[in-house]
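Spelled out, the chains give:
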Amino acid sequence: MKHLIIFMVLVFTLSAEAQIPVLESYNQVWTAQSKNSSESMPLGGGDIGLNVWVENGNVYFYVSRSGTFDEHNTLLKLGRVKVQLEPNPFKDNEGFRQELVLKDGYVTVAQNNTKIKLWVDVFNPVIHLDAESDVPVNMIASYESWRYKNRDVKGKENNANSYKWAPQGDIITYQDSIAFENGGLKFYHRNREQTVFDVAVKQQKMESVKGQMMNPLKHLTFGGFITGLNMKKAGTYSGVYQDTDFKGFRLESIKPSKKHQLKLFLHTNQSENALDWNNGLKDQISAYKSKEKKAEKNTQVWWNNFWKRSFIFTQNNGSKEQDSVYQIGQNYQLFRYMLGCNAYGTYPTKFNGGLFTYDPVFTNSELSFTPDFRNWGGGTMTQQNQRLVYFPMLKSGDFDMMDAQLDYYVTLQKNAELRSEVYWNHKGAAFTEQLENFGLPNPAEYEWKRPEDYDPGMQYNAWLEYQWDTVFEFCNMMLEQNEYANKDVKKYNDFILSCLRFFDEHYQYLAKKRGRKTLDANGHLVLYPGSGAETYKMANNATSTISALKVISEKLLKVSSESLTKAEVAYLKAFQNKIPPLNFREIDHQTVLSPAKSWERLNNTEAAQLYPVFPWELYGVGKPDLEVAQNTYFLDEDVLKFRSHIGWKQDNIFAARLGLTGEAAKYNLLKMANAGRRFPAFWGPGFDWVPDHNWGGSGMIGMQDMLLQEANGKIYLFPAWPKNWNVHFKLHASNNTTIEAKLENGKLQLLKVIPEERKHDIQNVLELSIEEKTNLN
């Protein structure tokens, strides 16, 4: 009996160890202090992001917030905070523990019977630090600012702003206002009247309508106030962290205590009167007193609900190790957490680092710049990259988090329409790639040295010329919110119509400049010159553009026909008749998708011929002619040459959507593997920066599509998922449907579908015969 009990305990222990992980399995626990800021943990909530680390016994965190753009459109951090306890409980690594608690959204640092807890209020822009110790200790909290003085921005450092490699005169990051006040410390940056907006308007010959344009930078003011329980000012000091000199402003406890609290109130506004920001901050601090008792609980409930609405947990069959299959589930959760930290930002999460960049020298040893640096600009939206950050939020059900990205575009509509009126005297919103947060092309990409007779509405840029169509991917997200969650999207109707109208009117305008007719012999638009992503240049009828026009016009009619006027419905139906057909060619006697009808050169490495697969979903599991898209994936020489898992590359998504299980597994394992940095989801730099958010976003999409796809009313379960990978997931599908499933040892152990009637639409691909799988298309 004794041996039997031991055997049963051993069997139970082994089986328990091999179980699919749960959320708590992915908490990041560090038992040694960090060497520097590159070994930091992300923490955030609402629209605030912190990088938290412990170095030489001191707790540090960088503070970032959505929308804090300076005069040159650099996305500035709000500063660095350093917290010291005396006597210091964090002298060494003996018993040290730093943990990111995902379920409740906070970070703890503990050692020697002392614990510091950091959390960010999701519903109010307030950062909390709570310290407890068994013995009374003093706390010194210092605000460290490298913007205590004006700083010249030279050379490559301008890649962090809108001037990039083409600064116009001296570029200065102006100093912040920092002062002790009322037992705390107030700090803020206020933009001057003249900004890069004014420079771009003049450069791009838009001065005649400048008064009508939205300007997000003029007098934008952002900063905050640090205060602590029983804290007083304790002077200033100077120092250098990594490559950057700074000035520190100290607050210290009045007397030793077993408990200490520190709060940072953040405030942003834009107004002509400088006092408005200060008064707004005071009102915010005063109003928070009535909210504070419930703030921590409300924040925890928000994070708890966030994790309940979607997840993917993974493990190899029978494995107890944190191997490659374990890692993709872990890093899916960690990256989604990072996206959740900017759930309610005024501006979308930036693809090139989000809220969690750190000292650039740890990404590139040659870039000894301030912590404000990130490559590819602060207020510049590279749309091809941004889309990958937000597409996964559909299947994860994070619809509330998509507003920051989608509403951002609506604010730019007027400026984009003014471009069409000024340059070409026609209607429609003209959105370019490398888009500023005021709707004009990035000034450096627009180019300063231009031929005098060159179209002022065009970017003089070999990569970006005639690339107008990426905006439709955001239109698609707008419409899919209705398809997934029955969300009312009529507020986007006018925006989407304007984007379609631009293509209709602009390509007829261009045709008139070439000849007498505006349409081809079949009554179709001639989409020339065009662009297949940034790659197939001077394209005629790019397949990616045709797919976009087809899908968006059809979805808008399907989703919003009741809220459109009769004239708008008639216009859309007539427009659909003008859309040219997709392009095909033959390789090795097999039909494949062609990137365009014709093109003149290649300028990048995007597989635009597979855009009908992703993002446009014209081909996929359960859809017609699947083999045509599969042939393209395997036979097209450019597709093969471009293939990679790095950064924004989407081969993992293409493979998943085409039902290519082996290929999808290969590229998603590569894509979502540990990043090689202490925090495993700090990928990059790839083609962009660290942490690379379009790397993580494309990885999320690929994993989602391996698990769940839809076609013609059917929901396909495990369309590209290896049978020997255990998984427990919950994802969202169309018509307000959620699917929770658990696959263990090749068997479906759990299937929960809400609403239950949609269970009849589920098709488990793993249970199909080879012949049935072949007939899926």
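Above this text is the structure in question.
Notes on the structure in this doc start here. (Residues numbered from 1 in each chain as written. Predicted model: local features only at pLDDT ≥ 70, side-chain atom pairs only at ≥ 80, totals over all residues. Heavy atoms only, no water.)

1. Some points on the overall build of the protein
And step 1. Across its full length, the protein holds 18 helices and 31 strands.
And step 2. In terms of overall size, the protein behaves like a compact globule, its C-alpha atoms giving a radius of gyration of 27 Å where 777 residues would be expected to give roughly 28 Å.
And step 3. In terms of principal-axis extent, the alpha carbons of the protein reach across some 85 × 85 × 50 Å.
And step 4. In the protein, which comprises 777 residues, the share counted as buried stands at 63%.
And step 5. Counted over contacts in the protein with a minimum sequence separation of 6, partners at least 24 positions apart contribute 70%. (Helix = DSSP H or I, 4+ residues; strand = E, 2+ residues; numbered from the N terminus. Rg over C-alpha atoms; globule rule 2.2 N^0.38 Å. Buried < 20%, exposed > 50% of the residue type's maximum accessible area, 1.4 Å probe, protein only. Contact = heavy atoms within 4.5 Å.)

2. Overview of unusual backbone geometry
Excluding glycine, residues mostly have negative phi values, and the peptide bonds linking residues are mostly trans.
And step 1. For the peptide bond that leads from F614 to P615, omega is 15°, which places it in the cis range.
And step 2. Assignment of secondary structure puts P615 in the loop between β25 (601–602) and α13 (626–635).
And step 3. In this structure, P755 follows I754 across a cis peptide bond, with omega equal to 0°.
And step 4. By the secondary structure assignment, P755 is in the loop between β30 (747–754) and β31 (762–764).
And step 5. You will see that Y466, though not glycine, has its phi angle at about 65°, which is positive.
And step 6. Tracing the backbone through its elements, the reader meets Y466 in the loop between α8 (443–446) and α9 (471–485).

3. A word on the sheet that holds strand β26 (residues 708–711)
And step 1. The three strands are arranged β26-β27-β31 in an open sheet whose pairing can be described as mixed. The sheet is open, and its two edges are formed by β26 and β31, each paired on a single side. Across this sheet, the average inter-strand angle for adjacent strands is 25°, counted without regard to direction.
And step 2. Inspection of the sheet shows β26 paired to strand β27 (residues 714–717) by four bridges, in the antiparallel sense. Bridging across to β27, A711 finds its partner in K714.
And step 3. This element, helix α17 (residues 693–707), spans β26 and β27 of the sheet and lies at about 65° to β26. (Pairing = 2+ DSSP bridges. Axes fitted to C-alpha atoms, helices over the stretch in contact; angles between N-to-C directions.)

4. A word on the environment of F614
And step 1. Among the structural elements, F614 can be located in the loop between β25 and α13.
And step 2. Overall, F614 belongs to the buried group, its relative accessible area being 1%.
And step 3. As for F614 and L658, which are separated by 44 residues in sequence, their C-alpha atoms are 9.8 Å apart.
And step 4. Setting aside residues no more than four positions away along its own chain, F614 makes contact with R387, L388, F391, Q650, I653, F654, R657 and I701.

5. Considering the layout of surface pockets
And step 1. In this structure, the largest pocket encloses a volume near 860 Å³.
And step 2. Of all elements in the fold, only α9, α11 (543–560), α17 and β26 reach the threshold of two or more residues within the lining of the largest pocket.
And step 3. Within the lining of the largest pocket, the residues separate by chemical class into 15 nonpolar, nine polar and 13 charged.
And step 4. If you add up the space inside the second largest pocket, you get close to 320 Å³.
And step 5. Taken together, 17 residues make up the lining of the second largest pocket; nearest its centre are W376, T382, Q434, E534 and N604.
And step 6. Residue composition of the lining of the second largest pocket, grouped by class: seven nonpolar, six polar and four charged. (1 Å grid on protein atoms, 1.4 Å probe; cavity = no way out; pocket = protein on both sides within 12 Å on 5 of 7 lines; lining within 4 Å. Points joined across faces, edges and corners; volume = space filled by probe spheres on them. Nonpolar A, V, L, I, M, F, W, Y, C, P; charged D, E, K, R; others polar.)

6. A short note on the sheet that holds strand β29 (residues 737–744)
And step 1. Spatial ordering of the open sheet is given by β18-β28-β29-β30, a layout of four strands whose pairing is antiparallel. Since the sheet does not close on itself, it has two edges, and those belong to β18 (311–316) and β30, each with one partner. Taking the axes of each pair of neighbouring strands and ignoring which way they run, one obtains an average angle of 10° across the sheet.
And step 2. Relative to β30, β29 runs antiparallel, the two sharing seven bridges. Following the sheet pairing, E740 is matched in β30 by K752.
And step 3. Together, β18 and β28 (725–733) form the strand contacts of α17, whose direction differs from that of β28 by roughly 95°.

7. A closer look at the packing of helix α16 (residues 661–671) against α17
And step 1. The interhelical angle for the contact between α16 and α17, taken along N-to-C directions, is 145°, at an axis separation of 9 Å. The handedness of the crossing between α16 and α17 is left-handed. Of α17, the residues touching α16 (which contributes A664, A665, N668 and K671) are W695, S698, G699, G702, M703 and M706.
And step 2. Of the residues belonging to the contact of α16 with α17, the class tally is five nonpolar, four polar and one charged. (Left-handed = near helix turned anticlockwise from the far one by under 90°.)

8. Some remarks on the nonpolar core
And step 1. The biggest cluster of nonpolar side chains holds 204 residues, and the ones touching the most others in it are F61, L262, F431, F472, I496, F718 and F729.
And step 2. Core analysis: the second largest hydrophobic core is formed by 10 residues, V101, F265, L281 and Y288 among them. (Core = buried A, V, L, I, M, F, W, Y, C linked by side-chain atoms within 4.5 Å.)

9. What to know about the pairing of β29
And step 1. Here β29 lies mainly inside the structure; six of its eight residues are buried.
And step 2. Where β28 and β29 come together, seven bridges link them in antiparallel fashion. For V727, the partnering residue across the bridge sits in β29 and is L743.
And step 3. Between β28 and β29, which pair antiparallel and follow one another directly, the connecting turn spans three residues, one of which, N735, has a positive phi of 60°.
And step 4. Hairpin connection from β29 to β30: two residues lie between these consecutive antiparallel strands, with N745 at a positive phi of about 55°.

10. So, the pattern of salt bridges
And step 1. Overall, the coordinates contain 40 salt bridges when judged by the stated rule.
And step 2. With a closest N to O distance of 2.8 Å, E473 and R387 form a salt bridge. Residue E473 is found in helix α9, and its partner R387 is found in helix α6 (residues 383–390); the two are separated by 86 residues along the sequence. Take E473 and R387: they sit in the same class, and that class is buried.
And step 3. Its salt-bridge partner being R585, residue D636 comes within 2.7 Å of it at the nearest N-O pair. Of this pair, D636 sits in the loop between α13 and α14 (637–642) while R585 sits in strand β23 (residues 584–587), and the two are 51 residues apart along the sequence. (Salt bridge = Lys/Arg side-chain N within 4 Å of Asp/Glu carboxyl O.)

11. Let's talk about the packing of aromatic side chains
Remark: the centre distance and the inter-plane angle together describe each pair of aromatic rings, the angle taken between the planes.
And step 1. For the coordinates displayed, the defined rule picks out 50 aromatic pairs.
And step 2. Between the aromatic rings of F306 and W307, the centroid separation amounts to 4.9 Å while the plane-to-plane angle is 75°, which identifies the pairing as edge-to-face.
And step 3. Pairing F391 with F614 gives two aromatic rings, centres 5.5 Å apart and planes at 65°, and the pair type is edge-to-face. Linking F391 in the loop between α6 and α7 (403–424) with F614 in the loop between β25 and α13, this pair joins segments that are 223 residues apart in sequence.
And step 4. Through a chain of ring-to-ring contacts, the aromatic side chains of Y423, W424, Y466, W468, F472, F502, F503 and Y507 assemble into a single cluster.
And step 5. We note R80 situated over the ring of F246; from NZ or CZ to the ring centre the distance is 4.9 Å.
And step 6. The side chain of R336 reaches across the aromatic face of F306, ending 3.8 Å from its centre. (Phe/Tyr/Trp six-rings, centres within 6.5 Å; stacked < 30°, edge-to-face > 60°. Lys NZ or Arg CZ within 6 Å of the ring centre and 35° of its normal.)

12. Quick look at helix α4 (residues 292–309)
And step 1. When the terminal C-alpha atoms of α4 are compared, their 26 Å separation across 18 residues agrees well with the 26 Å that a helix rising 1.5 Å per residue should span.
And step 2. Listing the buried residues of α4 in full gives A295, T299, Q300, W302, W303, N304, F306, W307 and R309. (Expected span 1.5 Å × (residues − 1).)

13. So, the packing of α11 against helix α12 (residues 566–576)
And step 1. Close contact between α11 and α12 brings their axes to 10 Å; oriented N to C, the two are set at 150°. It follows that α11 is roughly antiparallel to α12 by the angle criterion. When you trace α11 past α12, the crossing you get is left-handed. In contact with L549, S553, E554, L556 and L557 of α11, α12 contributes V569, L572, K573, F575 and Q576.
And step 2. Residues that form the contact of α11 with α12 fall into these classes: six nonpolar, two polar and two charged. (Parallel < 35°, antiparallel > 145°, perpendicular 65-115°, else oblique.)

14. Considerations on empty space enclosed by the protein
And step 1. Applying the stated rule across the entire model yields six cavities of 30 Å³ or more.
And step 2. If you trace the largest cavity, you find 13 residues lining it, with V153, E157, T173, T370 and D372 closest to the centre.
And step 3. Here the lining of the largest cavity gets three residues from one element, more than from any other, and that element is strand β10 (residues 151–153).
And step 4. Considering only enclosed or pocket space, the second largest cavity measures out at about 70 Å³ in volume.
And step 5. What lines the second largest cavity is simply T605, E606, A607, Y611, V639, F642, W648, K649, Q650, D651 and F654.
And step 6. Taken together, the elements giving at least two residues each to the lining of the second largest cavity come down to α14 and α15 (651–657).
And step 7. Along the lines of polarity and charge, the residues of the lining of the second largest cavity split into six nonpolar, two polar and three charged.

Any link to function would need more than the numbers given here.
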